[in-house]
Amino acid sequence: AAKDAGRHGYQFYSQKIGRRSQQRLTQRQDLIDGIAQGQITCFFQPQFDARTLALSGAEALVRWDCPNRGILAPADFMPAAEDAGLTSKIDAAVFEKVCALQDEWDSGGVAFPTISVNLSKQRLSERAFREILLKRLSGHHKLSFELLESAFLDQVDGEALRNIQSIRDLGMGIELDDFGSGRSSIVALQNIKPDKIKIDRSLTFPIVDRPAQLLILQALSKVARLEGAQIVVEGVETERHLATIKNVDCDQLQGYALGYPMSQHDFAALLKTQAVPALSKL
Ligand code: C2E
Ligand code: MG
Ligand code: MG
Ligand code: MG
């Protein structure tokens, strides 16, 4: 009987594993099909001048417009994409989407700020990325690329360094994303010499409850300034965050208090009105 139970236990276990990898397989195939069918799209989260609160940029954030599951956020599919080696393809689709939109705005006479695009470590290391950059950039696109500081924890390969150089040569910006969230921050800052750093929202969030946290942000900002980088503060989530951030030397603000990620349609409307965020009295 014990042997039976063991066998059943094992069977149950292997069925569960089987089901899980089956699910993963389905999602992988769905994702491959979705990419091919143009279901990769992006939302835009506005960024604002820290002093005037005028619209001063936007970050393109990937979404999967999945026919049977709706609009999915990166957390719902990027881990699977990473397992399946598909992040590069996704980044390429977002890049193309943003370039096409900028072409559209240009021909419609719509003024727009620089758009920041997230770049996976995998994409950054591809030679094909440089070729696309050179081909696409003849259209004078206003782009900047966000790289995760964690991508610089290990040795950076030669191809990635050449791509970073090409981005600079083409006059586009390099931003260090999620700055301060890991143990690679200062090393990455000094090695890459980014145009901008984006202070991670996990550091911004506690500033309203912990006075010492404000000192950390001020210190990070000072280090970034010494290295000649501009500073974006992410995760300005509430008006209390906004009020506290006034004590940090920075250039741009991004967060729910000022603007949520929005569809390209809503973002185009924002571009037309250039509306300053509606805030209650601070
Ligand atoms: P990220 O680049 O740090 O982007 C900021 C994320 O924080 C976005 O989530 C945004 O919606 C969220 N956020 C913005 N303001 C606030 C706030 O005030 N409070 C809180 N709690 N959250 C805020 P999202 O869109 O889910 O993106 C998550 C991550 O997925 C991004 O983090 C980025 O690392 C990755 N990602 C997004 N798009 C792409 C892409 O095209 N390619 C690659 N490789 N990664 C991407
Ligand atoms: Mg980012
Ligand atoms: Mg970030
Ligand atoms: Mg982040």
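Data block above holds the structure.
Read on for a plain summary of the structure. (Residues numbered from 1 in each chain as written. Chains lettered and ligands numbered in written order. Predicted model: local features only at pLDDT ≥ 70, side-chain atom pairs only at ≥ 80, totals over all residues. Heavy atoms only, no water.)

## So, helix H5 (residues 127–136)
Note: α-helices contain 3.6 residues per turn, so residues at a spacing of three or four share the same orientation.
Inference 1: Those residues of H5 lying buried are Phe 129, Arg 130, Leu 133 and Arg 136. Viewed end-on, H5 has its buried residues packed into an arc of 140°, placing them on one side of the element.
Inference 2: Packed against the buried residues of H5 are helix H3 (87–107), strand S4 (115–119), helix H4 (121–124), strand S5 (143–148) and helix H6 (158–169). (Buried < 20%, exposed > 50% of the residue type's maximum accessible area, 1.4 Å probe, protein only. Helix = DSSP H or I, 4+ residues; strand = E, 2+ residues; numbered from the N terminus. Arc of directions from axis to C-beta. Contact = heavy atoms within 4.5 Å.)

## Some words on the packing of H3 against helix H11 (residues 264–273)
Inference 1: Interaxial distance between H3 and H11 falls to 13 Å at its minimum, and their mutual angle equals 40°. When the axis of H3 is compared with that of H11, the two are oblique. Like other packed secondary-structure pairs, H3 and H11 cross with a definite hand, here right-handed. Here Lys 97, Leu 101 and Trp 105 of H3 come into contact with H11, specifically with Gln 264, Phe 267, Ala 268 and Leu 271.
Inference 2: Across the contact of H3 with H11, the residue classes break down as 5 nonpolar, 1 polar and 1 charged. (Axes fitted to C-alpha atoms, helices over the stretch in contact; angles between N-to-C directions. Parallel < 35°, antiparallel > 145°, perpendicular 65-115°, else oblique. Left-handed = near helix turned anticlockwise from the far one by under 90°. Nonpolar A, V, L, I, M, F, W, Y, C, P; charged D, E, K, R; others polar.)

## Side note on the nonpolar core
Inference 1: Among the nonpolar cores identified, the biggest contains 75 residues, and Val 98, Trp 105, Leu 143, Phe 145, Ile 197, Leu 253 and Phe 267 are the most heavily contacted of them.
Inference 2: Those residues in contact with Phe 145 that lie beyond four places of it in its chain are Phe 95, Val 117, Leu 119, Phe 129, Leu 133, Ile 167, Met 172, Gly 173, Ile 174 and Glu 175. (Core = buried A, V, L, I, M, F, W, Y, C linked by side-chain atoms within 4.5 Å.)

## Observations regarding the environment of Ala 75
Inference 1: Counting through the fold element by element, Ala 75 comes out in helix H2 (residues 74–83).
Inference 2: For Ala 75, a relative accessible area of 66% puts it in the exposed group.
Inference 3: When the C-alpha atoms of Ala 75 and Arg 63 are compared, they prove to be 9.7 Å apart, with 12 residues separating the residues in sequence.

## A short note on the packing of aromatic side chains
Inference 1: Tallied over the entire structure, the rule returns 9 aromatic pairs.
Inference 2: Judged by centre distance (5.8 Å) and plane angle (75°), the ring pair of Trp 64 and Phe 77 falls under edge-to-face. A residue pair is termed long-range when its members are at least 10 positions apart, and Trp 64 in strand S2 (residues 55–66) and Phe 77 in helix H2 qualify at 13 residues.
Inference 3: Judged by relative accessible area, which is 0%, Trp 64 ranks as buried.
Inference 4: Since its relative accessible area comes to 0%, Phe 77 is described here as buried.
Inference 5: An aromatic cluster of three or more residues is present, and its members are Phe 44, Trp 105, Phe 112 and Phe 267.
Inference 6: Against the face of Phe 112 rests Lys 142, its NZ or CZ located 4.7 Å from the ring centre. (Phe/Tyr/Trp six-rings, centres within 6.5 Å; stacked < 30°, edge-to-face > 60°. Lys NZ or Arg CZ within 6 Å of the ring centre and 35° of its normal.)

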